[in-house]
Structures are given as C-alpha cells and as structure tokens.
Number of protein chains: 2
Amino acid sequence: MTNNQQIIEYIKRTIDLTDQEAEIFAASFREVKIKKRQFIVQPNFIVKHRNYVIKGSFRAYVVDDHGQDSTIAFAIEDWWITDYNSYILQTPATMFVIALEDSIILEISYEKEQMLKQSNHKFETFFRIRAERTAAFMQQRIISNLTQTAEERYDRFMEKYPQIAERVPQYALASYLGMTTEFLSRIRNKKASKKS
Amino acid sequence: MTNNQQIIEYIKRTIDLTDQEAEIFAASFREVKIKKRQFIVQPNFIVKHRNYVIKGSFRAYVVDDHGQDSTIAFAIEDWWITDYNSYILQTPATMFVIALEDSIILEISYEKEQMLKQSNHKFETFFRIRAERTAAFMQQRIISNLTQTAEERYDRFMEKYPQIAERVPQYALASYLGMTTEFLSRIRNKKASKKS
DNA sequence: CTGATTTCCTAAACTAGATCATTTTTAAAC
DNA sequence: GTTTAAAAATGATCTAGTTTAGGAAATCAG
C-alpha cells in the first residue's frame, strides 16, 4: 500500500468519497521524511502544517518557565500531530514537536486545507468530524486529570494505549500523565513486584 | 433584541449568512426556561441537545466513585453547554449539567443540527469552527493543568474570566481548577491580606 | 420574618507526589 | 567495540495540596 492509499483509506473510514475526490484529497499532502530527534514544530513560529503520521512516532511538549517539560500529545502511525492552537488559530506556537524515531509524515498546509474545505462540502465535513473527535478526546483527558490519581491515570493509559506506552520513553509518558519520571518508575516497580 | 436575534448575531460573528439563512438557523432552536437547580443533563441518558445560553448560568460536572465532584465546564450568556462527549458521539452521558441561576437557553436537537449541516455548507463550516475552537480551548486547559500550580491556575482564571468567577459558587470554581474549596479559600485569603 | 440548608472560613494533622542526590542500566556515537 | 551520554531506578527528604472537623455567614423556602 502506498502512502497515498493509506491516507485515502483513513479518510474513507470517516466519509464516503468518489475516486476522484480521494485523488484530490491525497494530492494535497506532501510526504516528508523526518529523522529521529528532528523537530517539526518549534515555539514562536506560526505552524504551517497539520501532519498525518505514516510511520514512526512523535511527541509534542511545552517547556515552562522553570524548565520543566510537559508532554501534550503523542502520535504514532495513523494519528495526526501539530501544535493544535498554533495551526488552528494561526498564532505563534508554544510547543515543540519532535520525532521519537525515524519517521514519515504526510503534511498538509494551512492554505491547502482551507481550499479543500471550501471546494467541497464533504471535506468540510471531514475536518468538522476530526475537530469534534479531537475535542471529545481532550475532554476525556481533562476529566481524567481532574478525577483520577497518578496511578489510576497510568493504569487507564496502559489499557487504552499499550502500543504507545511501549514505544515512548518513560519520562515522556510520565510528563504526559502529569507526574514525575521517578513516581512513574515507582508505580511500575510496585506492579512488577506484585505480579511475582 | 429578541432571543432569536441574539443567536443570529452570534453566528454572524463566525460566518456570513443571508437573512433567509439566518432565519433557518434560528428556527432550528427552541427556547426553554430553566429554574435554578434544575438539571438539563443527567448521567446515563444520551444527550439530545446542544444548548446556547441566552440568560443565566450553568455548571457541568462529574461525580467520581468516591463521591467527589469535578466541574468540567461553566456557561454564562453567549456560551454553549452540554455533555460534549455524549452529544457528539451519541453515547450515554457521564455528567450532570445544572442551572446555577434561573436561566433561558436555546436548544438545538442532534437531528436538527445534522440536517442543518447537511443542507448548507455554511452551517457545516460554522460547526466545524465551533469544534475547532472548543478543542483549542480544551488544549489550553490541559496545558494549564499540567504546567501550573493551583495558585497560578486561579490567577489565570481570574484574569481571563473574572465575570464567571463572580457568579459561580466557590466550591464549583475550586473543583473546576482542580483543587479543594479549602485550598481556594486559603489562596483568596492570602491575596486579600497581602493587599492591605 | 425565621428556621433550615448551603456556602464559606479557619486551622491542625496528614499524604500523594515532588525534589534532590546517587547509582545502575541502556542507548548513542564515534 | 569502547567511550560517552541519556534514561531509569532507588532512597531520603520535603511540600503543595488534601482531609477532617468545627463554626460563622449567607441564602432560601415557606
């Protein structure tokens, strides 16, 4: 399966498209290879692309005044990643997005996306549904942060996204879940010793 | 200004509409009066409406296993409120949404909203933009929860939404910000004594 | 008005999770 | 492969925020 076919399959899971429409959609993306540790988003620049991951993995994070970094999002194959606020509102980025492995992405520019949405009601629907699901996902995370303990958040993450937990460094997962690496290490250790 | 005119003004701030389109949009909503302490959403039911607040205020919250409640959202005049996940994904609600004051809302049903979006590209665009801004707002909140201390979160809320802070009970604000009422009381007290 | 219910405040004891410092393990780079 | 750097583990100490408990204001229903 080519990379274009992959994103066509992806969009067809959300909306029906004719072959010609699928062609137009896929043609709006550009394939880019990214090396491990390479940044695709950096603070203060206005983000120009939304990125669909074909292969590899990424981490989006912010660094606060005290030098602490907090992971905002992960992405692996078939996920999207960017600095959402910067891309949507076309304001300067506050995040870094870095490749955790050698990766391949399909990027679409802000302008191309606007054109797609204007040109065809179906594309508008697709991006509307994407935004809704993004919001629904984020709301779940807010609820989780407000109501669960560090250990409960970890357990739930392991249930829902075991394939991500395997691939990302522990410090990144800890800061995604809102705890220190040390504390996550302890949680894991406790579980490992209980099993035996 | 009638309540219909109010929501027409609202949508026109996002997209341009002809008078006829504005008419169709406004006609999809139904005005409902809600008494203080009345619930408009309760757990386990699938949420049928998205609600635009004409007058009054609301609080959306979840109650966890230990009986603790966490405020997920507030709404005052010109804001929307519902159990977002339940409405968008048409799954059973996990939240309560309660009126904090005697209120008036305009509600639109899930079916009517689907019809609007299908019938006119512009309405699809409107709801796409709403979803994007909702996601952007939620992402800001996630970042705030991950990176800031309780006091910083409070300060920032007071800066951005002073008019909400005034109108909602302290325990509701505390649980929105992810802290106990007692701790919020202490923060406020500390600030009050410093000023003198 | 007035009794009842909600909301808010204060303060002491407590704990989940953070911080700090050091060691061990793993992975990157030459 | 060997050196070097990054990541993870471990233990000791500390602290931001919680819990518990009591009383004082404010709000509300009748």
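Everything below is about the structure printed above this text.
Anyway, here's the lowdown on the structure attached to this text. Just so it is clear, the structure is predicted and the values come from calculations on it, not from any experiment.

Here's the deal with helix H5 (residues 121-147) of chain A
Residue and element names in this part refer to chain A. A rise of 1.5 Å per residue sets the reference length of H5, with its 27 residues, at 39 Å; its end C-alpha atoms lie 39 Å apart and thus fit the reference within 8%. Among the 27 residues that make up H5, 22 are buried, leaving the element largely enclosed by the rest of the structure. One side-chain oxygen at the N-terminal end of H5 lies 2.8 Å from the backbone nitrogen of Lys122; it belongs to Asn120.

A word on the protein's contact with DNA strand C
Among the 18 residues in the neighbourhood of DNA strand C, the closest are listed as Lys36 and Ala150 of chain A together with Gln170, Tyr171 and Asn189 of chain B. Among all atoms of DNA strand C positioned within 4 Å of the protein, those belonging to sugar or phosphate total 81%. Taking Lys36 of chain A, its side chain carries an N or O atom lying 2.5 Å from a phosphate oxygen of DNA strand C. One nitrogen or oxygen atom from the side chain of Gln170 of chain B is found 2.6 Å from a phosphate oxygen belonging to DNA strand C. For the surface near DNA strand C, the elements supplying multiple residues, two or more each, are helix H9 (181-195) of chain A together with helix H8 (170-177) and helix H9 (181-195) of chain B. Each residue belonging to the surface near DNA strand C can be placed in one class, and the counts come to 5 nonpolar, 7 polar and 6 charged.

Topic: the pairing of strand E7 (residues 96-99) of chain B
All names here are of chain B. Bridge analysis of strand E2 (residues 39-41) against E7 gives 2 bridges, and the strand direction is antiparallel. Looking across to E7, one finds that Val41 is bridged to Val97. For strand E4 (residues 58-63) and E7, the ladder comprises 4 bridges, and the chain directions are antiparallel. Bridged to Ala60 within E7 is Val97.

Section: the nonpolar core
In terms of nonpolar packing, the biggest core is built from 92 residues, with Phe25 of chain A together with Phe25 of chain B touching the most fellow members. Non-local contacts of Phe25 of chain B, meaning those with residues more than four positions away in its chain, are made with Ile7, Ile11, Leu116, Phe123, Phe126 and Phe127 of chain B.

Looking at the relation of the copies chain B and chain A
Each copy of the chain is related to the other by a rotation around an axis and a translation along that axis. For the match of chain B to chain A, the screw axis carries a shift of 0.0 Å, the RMSD comes to 0.0 Å, and the turn is 180°. Both copies are brought into coincidence by an operation consistent with a two-fold rotation axis. Comparing interface residues between copies, 100% of those in chain B also lie at the interface in chain A; the contact surface is shared.

Remarks on the interface of chain B and chain A
With 40 residues of chain B at the contact, the number on the chain A side is 40 residues. For Lys117 of chain A, the salt bridge identified is with Glu132 of chain B, shortest N-O distance 3.8 Å. Summed over the shared surface of chain B and chain A, the number is 14 residue pairs in polar contact (both at pLDDT 80 or more). It is helix H5 (residues 121-147) of chain B that contributes the most residues to the side of chain B that touches chain A, 18 residues altogether.

Points about the protein's contact with DNA strand D
Neighbouring DNA strand D are 17 residues, the closest being Gln170, Arg186 and Asn189 of chain A together with Lys36 and Glu182 of chain B. Among the atoms of DNA strand D close to the protein, meaning within 4 Å, 67% are from sugar or phosphate groups. Contacts to DNA strand D include Asn189 of chain A, whose side-chain N or O atom sits 2.7 Å from a phosphate oxygen. With respect to DNA strand D, the backbone of Ala150 of chain B contributes an N or O atom lying 3.1 Å from a phosphate oxygen.

What to know about the sheet that holds strand E6 (residues 80-81) of chain B
Residue and element names in this part refer to chain B. Taken in spatial order, the 4 strands line up as E1-E8-E3-E6 in an open sheet, and their pairing is antiparallel. One side of each edge strand has no neighbouring strand; the edge strands of this open sheet are strand E1 (30-34) and E6. Contacts from helix H4 (residues 110-119) reach strand E3 (49-55) and strand E8 (103-109) within the one sheet, and its direction differs from that of E8 by about 60°.

A closer look at the sheet that holds strand E1 (residues 30-34) of chain A
All names here are of chain A. The 4 strands lie next to each other as E1-E8-E3-E6, forming an open sheet whose pairing is antiparallel. In this open sheet, the two edge strands, each paired with only one partner strand, are E1 and strand E6 (80-81). Bridge count for E1 against strand E8 (residues 103-109) is 5 bridges, and the pairing is antiparallel. Counted as the bridge partner of Ile34 is Ser103 from E8.

Some thoughts on the packing of H5 of chain B against helix H6 (residues 150-160) of chain B
Two measures define how a pair of helices packs: the angle their axes make with one another and the distance between the axes. All names here are of chain B. With their axes 8 Å apart at the nearest point, H5 and H6 run at an angle of 145° to one another. From H5, Gln140, Ser144, Asn145 and Thr147 reach across to H6, where they touch Glu152, Arg153 and Arg156. Along the lines of polarity and charge, the residues of the contact of H5 with H6 split into no nonpolar, 4 polar and 3 charged.

Considerations on the pattern of salt bridges
Counting across every chain of the model gives 30 salt bridges over all chains. One salt bridge in this structure joins Glu124 of chain A and Arg128 of chain B, with 2.5 Å as the shortest N-O distance. Pair noted here: Glu124 of chain A is in helix H5 and Arg128 of chain B is in helix H5, and the two residues belong to different chains. For Arg128 of chain B, a relative accessible area of 7% translates into the label buried. Each of the salt bridges in this network shares a partner with another, and the network as a whole consists of Arg50, Glu113, Lys117 and Glu124 of chain A together with Arg128 and Glu132 of chain B.

With respect to the packing of helix H1 (residues 3-12) of chain A against helix H2 (residues 19-27) of chain A
Residue and element names in this part refer to chain A. In contact at an axis separation of 10 Å, H1 and H2 are set at 120° when each is read in the N-to-C sense. The handedness of the crossing between H1 and H2 is right-handed. Across from Asn4, Ile7, Ile8, Ile11 and Lys12 in H1, the residues of H2 making contact are Asp19, Ala22, Phe25 and Ala26. Partitioning the contact of H1 with H2 into residue classes produces 6 nonpolar, 1 polar and 2 charged.

Let's talk about H2 of chain A
All names here are of chain A. Buried within H2 are the following residues: Glu21, Ala22, Phe25 and Ala26. The buried residues of H2 occupy an angular sector of 130° when the element is viewed end-on, so they sit on one face. In H2, the exposed positions that point more than 90 degrees away from the buried face belong to Asp19, Gln20 and Ala27. Tucked into the core, H2 has its buried residues touching H1, helix H4 (110-119) and H5.

The rules behind each value
- Residues numbered from 1 in each chain as written.
- Chains lettered and ligands numbered in written order.
- Predicted model: local features only at pLDDT ≥ 70, side-chain atom pairs only at ≥ 80, totals over all residues.
- Heavy atoms only, no water.
- Helix = DSSP H or I, 4+ residues; strand = E, 2+ residues; numbered from the N terminus.
- Expected span 1.5 Å × (residues − 1).
- Buried < 20%, exposed > 50% of the residue type's maximum accessible area, 1.4 Å probe, protein only.
- Polar contact = N/O pair within 3.5 Å; in protein donor to acceptor, adjacent residues only side chain to side chain.
- Near = heavy atom within 4 Å.
- Nonpolar A, V, L, I, M, F, W, Y, C, P; charged D, E, K, R; others polar.
- Pairing = 2+ DSSP bridges.
- Core = buried A, V, L, I, M, F, W, Y, C linked by side-chain atoms within 4.5 Å.
- Contact = heavy atoms within 4.5 Å.
- Least-squares fit on C-alpha atoms with pLDDT ≥ 70 in both.
- Salt bridge = Lys/Arg side-chain N within 4 Å of Asp/Glu carboxyl O.
- Axes fitted to C-alpha atoms, helices over the stretch in contact; angles between N-to-C directions.
- Left-handed = near helix turned anticlockwise from the far one by under 90°.
- Arc of directions from axis to C-beta.

Any functional reading would require information that these geometric values do not contain.
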